[in-house]
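Here's the letter readout for the chains.
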Amino acid sequence: MRRYRRFPHLVVAAACCLVWLHQPPRSAADPLPSWNAGKSKAALVDFVARVTDGDSPDYVPAAERIATFDNDGTLWCEKPIYVQAQFAIERVRHLAPQHPQWKTTPPMQFVLDDNMPALLQTGSRGWVELIAAAHAGHTTAEFEQTVLEWLAAARHPRFDRPYTELVYQPMLEVLEYLRANDFQTFIVSGGGSDFMRPWTAQAYGVPPQQVVGSTVVTRFELRDDKPALVRLPQLEFLDDGDGKPVGIGRSIGRVPIVAFGNSDGDLQMLQYTTMRPGPSLGLIVHHNDARREYAYDRDSDVGRLDKALDQAPRRGWIVVSMKDDWKVIFPSEAASGGD
């Protein structure tokens, strides 16, 4: 010890190191605090651990860690009707006096006749066609401003909150958890790309270039000597059902290794993701909590979950119970301690 008298700080440092080495390892903070312990949470955490461990046989390089998420019913509330559908209905009614031909032109006719059953039968294609018709001639910048203004004023009929406050807190945690583990997170939705891109970065942390959705035909113009993309009243691509894998191939260029959905509109995306070679994970959000949100599946006109629910056990997809797996539904519940 004589030689250490000149350097007492070395003794202190060595002692501290010995104490640190003998400390029991601290458990990492729970990355999914709004999820109850159970099969769904364990499967997700285990999968992420395996594909990010360089020594694991299931290791996946960061560049290939692609996760895709449906939007309606997977990331935010889609009942009583899709948010984009409500936006389209209000816009068509507002603009109808300028378009008398809509009275005899489906699907605008269904809106003006208050024929909701017929309108619901048109599915995602109908909603995109409504928006295409209502905003023909608008530039993408003008449409973006219209969307943002509507979202700022609109309220959900049951919860009396802005729609962007009715995103799912457990799914926000999944998005953040995956990104923290070098996943790239994409939204792949039957909704319109131009409808989602103005707000997904703020709501989900997903930038516009990582939003894959249905599109309308656009053309380039110079307006007042300024470049603009102008929307035309024509559906270009429907990113729903078997269109989702096509949209993923076009816009992402890699097959996902994780896919989240909630309806039969996500069936092909789940198949495309989990029937590939290599590690993969498919998860379905099952809406079975009528008290805190809504309960629906096979018989619903919005977000019908039938074929995908039947295939889940055979494909190994995790069916996430909103009622049993999620401690809270919306961020407001998390902020208030679950009340």
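Here the structure is shown first, and the text comes after it.
The rules behind each value
- Residues numbered from 1 in each chain as written.
- Predicted model: local features only at pLDDT ≥ 70, side-chain atom pairs only at ≥ 80, totals over all residues.
- Heavy atoms only, no water.
- Helix = DSSP H or I, 4+ residues; strand = E, 2+ residues; numbered from the N terminus.
- Buried < 20%, exposed > 50% of the residue type's maximum accessible area, 1.4 Å probe, protein only.
- Contact = heavy atoms within 4.5 Å.
- Polar contact = N/O pair within 3.5 Å; in protein donor to acceptor, adjacent residues only side chain to side chain.
- Patch = residues over 30% accessible without salt bridge, like charges linked within 9 Å, V, L, I, M, F, W, Y side chains within 5 Å.
- Areas by Shrake-Rupley, 256 points an atom, 1.4 Å probe, with all protein chains shown as cover.
- Salt bridge = Lys/Arg side-chain N within 4 Å of Asp/Glu carboxyl O.
- Pairing = 2+ DSSP bridges.
- Axes fitted to C-alpha atoms, helices over the stretch in contact; angles between N-to-C directions.
- Right-handed = clockwise from strand over helix to strand, strands pointing away.
- 1 Å grid on protein atoms, 1.4 Å probe; cavity = no way out; pocket = protein on both sides within 12 Å on 5 of 7 lines; lining within 4 Å.
- Points joined across faces, edges and corners; volume = space filled by probe spheres on them.
- Nonpolar A, V, L, I, M, F, W, Y, C, P; charged D, E, K, R; others polar.
- Parallel < 35°, antiparallel > 145°, perpendicular 65-115°, else oblique.

A.B. asks: Explanation requested: unusual backbone geometry in the structure shown.
C.D. replies: Both trends apply: most residues other than glycine have a negative phi, and most peptide bonds are in trans. The omega angle of the peptide bond from K79 to P80 is 5°, so this bond is cis rather than trans. Looking at the secondary structure, you find P80 in the loop between strand 1 (66-69) and helix 3 (83-95). Of the consecutive residues P106 and P107, the connecting peptide bond is found in the cis state with omega at 0°. Unlike most non-glycine residues, D114 shows phi in positive territory, near 55°. For D114, the position within the fold is in the loop between helix 4 (108-112) and helix 5 (116-121). Given a relative accessible area of 56%, D114 falls into the exposed group. Even without being a glycine, D225 presents a positive backbone phi close to 65°. Among the structural elements, D225 can be located in the loop between strand 3 (211-223) and strand 4 (226-237).

A.B. asks: Looking at this structure, how should I read helix 12 (residues 267-274)?
C.D. replies: Residues spaced three or four apart along an α-helix face the same direction, because each turn holds 3.6 residues. Extensive coverage of helix 12 is indicated by the burial of six of its eight residues. Contacts from the buried residues of helix 12 go to strand 1, strand 2 (184-192), helix 11 (243-251), strand 5 (258-261), strand 6 (281-286) and helix 13 (307-315).

A.B. asks: I would appreciate a short explanation of the environment of T52 in the present structure.
C.D. replies: Considering the arrangement of structural elements, one finds T52 in helix 2 (residues 39-52). Taking the relative accessible area as the measure of exposure, T52 reaches 24% and is therefore partly exposed. Separated by 133 residues in sequence, T52 and T185 have C-alpha atoms that sit 15 Å apart. A polar side-chain atom of T52 sits 3.4 Å from the main-chain carbonyl oxygen of A49.

A.B. asks: What should I look at first to understand a nonpolar patch on the surface in this one?
C.D. replies: A contiguous nonpolar patch, built from F220, L222 and L229 and spanning about 330 Å² of accessible area, is present on the exposed surface. Inspection of the secondary structure puts L222 in strand 3.

A.B. asks: Any chance you could explain the sheet that holds strand 5 here in plain terms?
C.D. replies: Sheet strands line up and pair through hydrogen bonds in the backbone, either parallel or antiparallel. Overall, mixed pairing links the seven strands, which are arranged 4-3-2-1-5-6-7 in an open sheet. If you trace the sheet from one side to the other, it starts and ends with strand 4 and strand 7 (318-321), each paired once. Each strand of the sheet is rotated relative to its neighbour by a mean of 35°, with strand direction disregarded. Lying over the sheet, helix 8 (residues 169-180) contacts strand 1, strand 2, strand 5 and strand 6, oriented at roughly 165° with respect to strand 1.

A.B. asks: Would you mind going over the pairing of strand 5 with me for this structure?
C.D. replies: Consecutive side chains along a regular strand alternate between the two faces of the sheet. Residue alternation in strand 5 divides its side chains into two sets, V258 and F260 and A259 and G261, and both sets are buried. The sheet contact formed by strand 5 and strand 6 spans four bridges and is parallel. Within strand 6, the position partnered with G261 by the bridge is I284. Crossover handedness for the path strand 5 to helix 12 to strand 6: right-handed.

A.B. asks: Would you mind showing me how to read the side chain of D266 here?
C.D. replies: Take D266: it is sitting in the loop between strand 5 and helix 12. With relative accessibility at 0%, the residue D266 sits in the buried group. With residues up to four places along the chain from it excluded, the contact list for D266 reads D70, T74, K244 and G261.

A.B. asks: Looking at this structure, I do not really get empty space enclosed by the protein. What am I missing?
C.D. replies: It is the rolling of a water-molecule-sized probe over the atoms that shows where space remains empty. One pass over the structure, following the stated rule, counts one cavity of 30 Å³ or more. In this model, the largest cavity occupies a volume close to 80 Å³. Classifying every residue of the lining of the largest cavity gives five nonpolar, five polar and two charged.

A.B. asks: Hey, could you run me through the packing of helix 3 against helix 7 (residues 140-153) in this one?
C.D. replies: The relative placement of two packed helices is expressed as an angle between their axes plus a distance between the axes. In the contact formed by helix 3 and helix 7, the axes pass within 11 Å of each other and the chain directions differ by 105°. What the angle tells us is that helix 3 and helix 7 run roughly perpendicular. Residues V83, Q86, F87, E90 and R91 of helix 3 pack against F143, T146, V147, W150 and L151 of helix 7. Broken down by class, the residue content of the contact of helix 3 with helix 7 amounts to six nonpolar, two polar and two charged.

A.B. asks: How do you make sense of helix 11 when you look at a structure like this?
C.D. replies: Along helix 11, the positions that sit buried rather than exposed are G243, K244, P245, G247 and I248. Next to the buried residues of helix 11 lie strand 1, strand 2, strand 3, strand 4 and helix 12.

Note that all results are geometric; they support no functional claim without further evidence.
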